[in-house]
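Working through the structure, step by step
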Amino acid sequence: MMLSILNKFLRVTRKKGDEWKDVVFPQKKNTFLIKCLGLLVIFISLSIFWDKVGNAIPRINFLGGLINLLLIGLLIVFWLGTTYLSIKGYLALFKRNKSWIANNLAYMIGSLKLYDEEYFETTNKDKVVREKRITRVIRIKYKETDKHVFVRIMRDGDRFTSEATKLGENLESSLGLELDSTNQTVHYAEYVFLKHKDERIALDSTVTSVNDSDEIKITGNISYELHKVPHSLIVGGTGSGKSFFILGKIVSYLKLSPQADLRIIDPKKADLSLLRFVTGFENKVATEANQICRILRETVELMEQRYTDYFNDVSAFGKTYRDFGLPPVIIIFDEFSAFMHSVDKKVAKEALDYVFTLVMKGRQAGVMIEILMQRPSADDLPTNIRAQMGFKAGLGAMDSIGYNMIFDTNNVEYKTVIEKGGGYIQIDGKHTAPVYFETPYIDKEFDFIAEIENLMQGR
Ligand SMILES: Nc1ncnc2c1ncn2[C@@H]1O[C@H](COP(=O)(O)OP(=O)(O)OP(=O)(O)O)[C@@H](O)[C@H]1O
């Protein structure tokens, strides 16, 4: 008993931990009296203890009583110090289950009636009394870190099991926090909330000015390093913000140092194909099937050449293109599925083979591909290629089948996307579950072509 109290005491006095805590429902009754009694006991026992210690220490009559005075002063400091620490630890025991998160979650349990009650009969002074008692309560755990609040609704096989996966909106409003991601296992449904709302950033904040960094920022909270997440998939219907997102990414890639070497594939001859009029892009934009296959083939050859030139002996062990100061080479392939459907099977296979080679071998040599398509379709983008895309984004309103196809998971509760440029994103090693995000904000007046021209000239 004493040991468990001591343990609890030590745990609460430690730094605010990130361990899981249970939500208690119904919450404990007012503990004011117990609290006061405890404080009094602490105060009296420590006062008696230090008084006894003071009496047990022999007096030293030296330097006209100065030593005795110092001793008394020291005892008073010890008495005050131990009393303060004990009271702090004691009060923390009460506070522990009283965080605002626990309070709000307990309130939600009560208001949604996420508990079962049964009538019990007892006898009181020969009278039969019927009283309601709570027999079962939904089990909720939570933990808190600097940026997030995690809530787990346990799935114990009772009536709350199916409820567990549908509580996203209720939790959001109960906690007053924005839902960042969800995750579901057989044992629990987990909801992750942002303590501070994620911010939409402006395009000019996407690239850090730190030397040697290839970090690309997407939002205030979401970023990735290009060399770690080389291949991307962006899916979004008409008007979802796909063009703004990719044009913004092109600007960011051109701001990297060394500047990225970009190749553009636009089989629908839309906005991206206009980059062929920008100095430096003349031979790097393809719209026709034969040009597209040529660009893909040449990029595969460039990748093989990099392996031959830089990774041909053991000294290259563990190195990447960045160690040799090489620029990343990025193919931006717009309307991928439209292309696959518009060309004959032989050409489609040739293109797919090149794409597969690039996604399998490109990372170390710094040769990357970014695929854009309107609809997520498992047939148009084979699983072996999709599995290599470390960066995946689904923009605009999409049904859950669409999202599940992109993110290869069906455990996520998606909210309706209304904002232009809003969607879900998943980045390997960063956000293993898809999270809501908004693409970097770009002013309507922003002149992409002029900006890209400018950046190309500054090479
Ligand atoms: N990041 C953004 N910042 C500001 N406005 C945006 C952003 N993304 C999208 N928009 C707004 O949404 C509109 C549609 O975006 P966009 O042209 O990128 O869509 P799309 O998916 O490429 O559609 P389409 O395939 O028809 O070109 C833009 O004209 C712009 O007004």
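Residues numbered from 1 in each chain as written. Predicted model: local features only at pLDDT ≥ 70, side-chain atom pairs only at ≥ 80, totals over all residues. Heavy atoms only, no water.

The protein chain has the name Cell division protein FtsK in an unreviewed UniProt entry, where Ornithinibacillus bavariensis is given as its organism.

**Details of the site of the ligand**
In the vicinity of the ligand there are 15 residues, among which Thr238, Gly239, Ser243, Phe244 and Pro440 approach most closely. A distance of 3.3 Å separates a nitrogen atom of the ligand from a polar atom in the side chain of Arg200. Gly239 places a main-chain nitrogen or oxygen 2.7 Å from an oxygen atom of the ligand. Here the ligand has 620 Å² of accessible area as a free molecule, and 78% of this is covered by the chains. (Near = heavy atom within 4 Å. Polar contact = N/O pair within 3.5 Å; in protein donor to acceptor, adjacent residues only side chain to side chain. Areas by Shrake-Rupley, 256 points an atom, 1.4 Å probe, with all protein chains shown as cover.)

**Re the packing of aromatic side chains**
All told, the structure shown has 21 aromatic pairs when counted by the stated rule. Summarising the aromatic geometry, the rings of Trp50 and Phe78 are spaced 5.5 Å apart at their centres and angled 10° between planes, so their arrangement reads as stacked. Note that Trp50 is positioned in helix H2 (residues 32-56) and Phe78 in helix H3 (residues 66-95), a separation of 28 residues in sequence. Residue class for Trp50 comes out buried when judged on its relative accessible area of 17%. Relative to Phe391, the ring of Tyr224 has its centre 5.0 Å away and its plane inclined at 55°; by these criteria the two rings are tilted. One end of the pair, Tyr224, is in strand S9 (residues 223-225); the other, Phe391, is in strand S15 (residues 391-395), with 167 residues separating them in the sequence. Across the pair, Phe391 and Tyr224 agree in class, each one buried. A cation sits over an aromatic face here: Arg133 above Phe120, 4.7 Å from the ring centre. Taking the ring centre of Tyr188 as reference, the NZ or CZ of Arg152 above it sits at 3.9 Å. (Phe/Tyr/Trp six-rings, centres within 6.5 Å; stacked < 30°, edge-to-face > 60°. Helix = DSSP H or I, 4+ residues; strand = E, 2+ residues; numbered from the N terminus. Buried < 20%, exposed > 50% of the residue type's maximum accessible area, 1.4 Å probe, protein only. Lys NZ or Arg CZ within 6 Å of the ring centre and 35° of its normal.)

**A closer look at the domain arrangement of the protein chain**
Here the domain parsing of the protein chain yields domain 1 (28-98), domain 2 (105-194) and domain 3 (203-311 + 319-457). Relative placement of domain 2 and domain 3: their C-alpha centres are 42 Å apart. In total, domain 2 and domain 3 occlude about 860 Å² of area from one another, counting both sides; carbon and sulfur atoms represent 38% of this. For domain 2, the biggest contributors to the area lost against domain 3 are Asp180, Thr182 and Gln184; these three give 48% of the whole. Run the count over domain 2 and domain 3 and you get 2 salt bridges. The residue Lys415 makes a salt bridge to Glu178 at a minimum N-O spacing of 3.9 Å. Inspection of the domain 2/domain 3 interface yields 0 residue pairs in polar contact (both at pLDDT 80 or more). Looking at which element gives the most residues to the side of domain 2 that touches domain 3, the answer is strand S6 (residues 178-184), with 7 residues. Residues that form the side of domain 2 that touches domain 3 fall into these classes: 4 nonpolar, 6 polar and 5 charged. (Domains from an automatic or database assignment. Buried area = accessible area lost by both parts, 1.4 Å probe. Salt bridge = Lys/Arg side-chain N within 4 Å of Asp/Glu carboxyl O. Nonpolar A, V, L, I, M, F, W, Y, C, P; charged D, E, K, R; others polar.)

**What about the packing of helix H4 (residues 100-111) against helix H6 (residues 168-175)?**
For the pair H4 and H6, interaxial distance at closest approach is 9 Å and the crossing angle is 130°. The angle between H4 and H6 falls in the class oblique. Both H4 and H6 take part in a crossing whose hand is right-handed. Where H4 approaches H6, its residues Trp100, Ile101, Asn104, Leu105 and Met108 are matched on the opposing element by Asn170, Leu171, Ser174 and Leu175. Partitioning the contact of H4 with H6 into residue classes produces 6 nonpolar, 3 polar and no charged. (Axes fitted to C-alpha atoms, helices over the stretch in contact; angles between N-to-C directions. Parallel < 35°, antiparallel > 145°, perpendicular 65-115°, else oblique. Left-handed = near helix turned anticlockwise from the far one by under 90°. Contact = heavy atoms within 4.5 Å.)

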